[in-house]
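This is what each chain is made of:
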Amino acid sequence: GAPMTPRPTRFDPDVIAAAVEELWPLILDWHSDVADNEVGAKADLRDALDGYEVDGYHLARHLDKAGWGEVDSALVDVLDQGAAFVRRAHREAIVAWVQREGITPAFDSGAKVRSDRMKDGGVGVIAKIDATHAEYVVRLPSLGHVGSGNGTYGTYLNFEDVEAAK
């Protein structure tokens, strides 16, 4: 079925908040006195993670500008895990969304489909279905995708971005 609410993005407040909660114990291991201002510190972390540059260096620069003081290489190492935590929280939010909305694939493996997300609105064939995350792997021979052996098998496309090929 079609979803009633939009697919979660990595910028959704719940996704960012989940990543902050996963990062928090590592931040406390780095400097336990950060706990003195937990609310403010978590707000700073949410602000830092709510952007496109979420590697440890850029996150540390953001926190430095927020007045964290002693931003050092140990903190950069901790913050380097932030992007992975956001990715994981985002994937988990998608799984929950698929379950909550009762989303099911509209096409079977082998179906010919097209998507505006593919170059030139190319036509491809569904090679694999990831129902848990509401994604198809679509093989486009025109992009050099292979059916077997070494190489790229296809492009991941969201269920909602795919339609039947004419």
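Since we're looking at a predicted model, the values are computed, not measured.

1. Considerations on the side chain of D130
Then comes step 1: Positionally, D130 belongs in strand β2 (residues 123-130).
Then comes step 2: Overall, D130 belongs to the buried group, its relative accessible area being 16%.
Then comes step 3: A polar contact is formed between the side chain of D130 and the backbone nitrogen of T132, at a distance of 3.3 Å.
Then comes step 4: Within the structure, the side chain of D130 is placed 2.9 Å from the side chain of H133, a separation counted as a polar contact.
Then comes step 5: The contacts of D130, once residues within four sequence positions are left out, are R91, E135 and F159.

2. Structural notes on the pairing of strand β3 (residues 135-139)
Then comes step 1: Burial analysis of β3 places 4 of its 5 residues in the buried class, the great majority of the element.
Then comes step 2: In this structure, β3 lies alongside strand β4 (residues 155-158), joined through 4 bridges in antiparallel fashion. Counterpart to E135 in the pairing with β4 is N158.

3. Thoughts on the sheet that holds β2
Then comes step 1: Taking strand neighbours across the sheet as the criterion, the 5 strands line up as β4-β3-β2-β1-β5 in an open arrangement whose pairing is antiparallel. Edge positions in the sheet fall to β4 and β5 (163-164), since each has one partner strand and no second.
Then comes step 2: Bridge count between β2 and β3: 5 bridges; the pairing is antiparallel. Within β3, the residue paired with I126 across the bridge is V138.

The rules we used
- Residues numbered from 1 in each chain as written.
- Predicted model: local features only at pLDDT ≥ 70, side-chain atom pairs only at ≥ 80, totals over all residues.
- Heavy atoms only, no water.
- Helix = DSSP H or I, 4+ residues; strand = E, 2+ residues; numbered from the N terminus.
- Buried < 20%, exposed > 50% of the residue type's maximum accessible area, 1.4 Å probe, protein only.
- Polar contact = N/O pair within 3.5 Å; in protein donor to acceptor, adjacent residues only side chain to side chain.
- Contact = heavy atoms within 4.5 Å.
- Pairing = 2+ DSSP bridges.

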